[in-house]
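A closer look at the structure
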Amino acid sequence: MGVRNTGNGAGRGWFGRRAAARVLAPAMAVVLAGTGVAHALGGVESAHWLRAWGYAVPPGHPAPGDALTYDEELVPAGARIQVVQRVSGGAMTVELEVRGVLPGHAFGAHVHQLPCGDDPADSGPHYQHDPAAEPEPANPHNEVWLDFTADSAGRGTALSRQPWVFRPGEANSLVIHEHATGHGGDAGGRVACLTVGFTD
């Protein structure tokens, strides 16, 4: 449980957006999950995984599935954002990989409740497993925090492991913030957003 950060990835690519999920065992059912496809599986306690990615464009007229950048100094147009969620036995991991952001910069990143929009606030508040958690619900055990520091090539990754899964339909985006997460979950302004139909 918690967050682990590393540097990883490759250079920027073309604009657009794709999302996919891979079967981990023979599928019993298939569930569409927003920006990805989640395969519900038999024999592995309903294990499944989802992957979603997009290339950043400014607000205005993004194509379906594009990521949005609200600060092109920190997240230039064309930067790539990818999220992978793996679920098994009532627990999950969420991985973030970015390419093409400002080298050497420390970013905060969290799962938010609502899809991205032209207004950075459209993604709503952080997703919280227990909104009434004490003493402070905004913490890396009750939310999904994916802070990272970009390497010299503008690449970075982060991983969060949690012993719980999202409530259906209540986690819908990954938001990158202007600085590392501090007390109470504050990470400054929202600089980029990827809509992700996280699965439960």
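Here goes a summary of the coordinates provided. It should be emphasised that the depicted structure is a prediction, and the values quoted were computed from it without experimental measurement.

What follows is about the pattern of salt bridges. Taken as a whole and judged by the stated rule, the model has 4 salt bridges. Arg167 is the salt-bridge partner of Glu170, the closest N and O atoms lying 2.8 Å from each other.

What follows concerns the pairing of strand 12 (residues 173–177). Across the 5 residues of strand 12, 5 count as buried, placing the element largely inside the fold. Of the two faces of strand 12, the one carrying Ser173, Val175 and His177 and the one carrying Leu174 and Ile176 are both buried. Note that strand 9 (residues 106–112) and strand 12 share 5 bridges and pair antiparallel. Note on strand 12: the bridge partner recorded for Gly108 is His177. The pairing of strand 12 with strand 13 (residues 190–195) spans 5 bridges and is classified as antiparallel. Among the inter-strand pairings, Leu174 is bridged to a residue of strand 13, identified as Leu194.

Right, let's get into the state of the cysteines. The full count for this structure, using the stated rule, is 1 disulfide. The disulfide partner of Cys116 is Cys193, and the S-S distance across this bridge is 2.0 Å. Looking down the S-S bond of the Cys116 and Cys193 bridge, the torsion is -85 degrees, so its handedness is left-handed. Of this pair, Cys116 sits in the loop between strand 9 and strand 10 (148–149) while Cys193 sits in strand 13, and the two are 77 residues apart along the sequence. The exposure class of Cys116 is buried, given its relative accessible area of 18%. The buried category is assigned to Cys193, whose relative accessible area is 0%.

We now examine the side chain of Thr93. Looking at where Thr93 falls in the secondary structure, it is placed in strand 8 (residues 91–99). Sequence-distant contacts of Thr93, that is, excluding residues within four places in its chain, are made with Val84, Gln85, Arg86, Leu159, Ser160 and Arg161.

Looking now at the packing of aromatic side chains. Going through the model one piece at a time under the given rule, you end up with 5 aromatic pairs. Ring centres 5.0 Å apart and planes at 55 degrees place the aromatic pair Phe166 and Phe198 in the tilted group. On the criterion of sequence distance, the pair formed by Phe166 in the loop between strand 11 (156–162) and strand 12 and Phe198 in the segment after strand 13 is long-range, its members being 32 residues apart. Residues Phe166 and Phe198 agree in their burial class; the two are buried. Taken together through their ring pairs, the aromatic side chains of Tyr127, Trp164, Phe166 and Phe198 make up a single cluster. Across the ring face of Trp49, the terminal group of Arg86 is positioned such that the distance to the ring centre comes to 5.3 Å.

Along the chain, the position of Gly108 falls in strand 9. Under the relative-accessibility criterion, Gly108 is labelled buried at 0%. Measuring from C-alpha to C-alpha, the distance between Gly108 and Glu178 comes to 6.5 Å, with 70 residues separating the pair along the chain. Once residues within four sequence positions are removed from consideration, Gly108 is found in contact with Asp147, Val175, Ile176, His177, His179, Ala180, Thr181 and Ala187.

With that out of the way, let us pick up the pairing of strand 5 (residues 48–57). Across the 10 residues of strand 5, 9 count as buried, placing the element largely inside the fold. Bridge count between strand 5 and strand 7 (residues 80–88): 8 bridges; the pairing is antiparallel. Counterpart to Trp49 in the pairing with strand 7 is Arg86. In this sheet, strand 6 (residues 67–69) lies alongside strand 5 in parallel orientation, the contact comprising 2 bridges. Across the sheet, residue Ala56 finds its bridge partner in strand 6, namely Ala67.

Tracing the backbone through its elements, the reader meets Gln128 in the loop between strand 9 and strand 10. Polar contacts involving the side chain of Gln128 include one to the side chain of Glu143, which spans 2.7 Å.

What counts and what doesn't
- Residues numbered from 1 in each chain as written.
- Predicted model: local features only at pLDDT ≥ 70, side-chain atom pairs only at ≥ 80, totals over all residues.
- Heavy atoms only, no water.
- Salt bridge = Lys/Arg side-chain N within 4 Å of Asp/Glu carboxyl O.
- Buried < 20%, exposed > 50% of the residue type's maximum accessible area, 1.4 Å probe, protein only.
- Helix = DSSP H or I, 4+ residues; strand = E, 2+ residues; numbered from the N terminus.
- Pairing = 2+ DSSP bridges.
- Disulfide = S-S within 2.5 Å.
- Contact = heavy atoms within 4.5 Å.
- Phe/Tyr/Trp six-rings, centres within 6.5 Å; stacked < 30°, edge-to-face > 60°.
- Lys NZ or Arg CZ within 6 Å of the ring centre and 35° of its normal.
- Polar contact = N/O pair within 3.5 Å; in protein donor to acceptor, adjacent residues only side chain to side chain.

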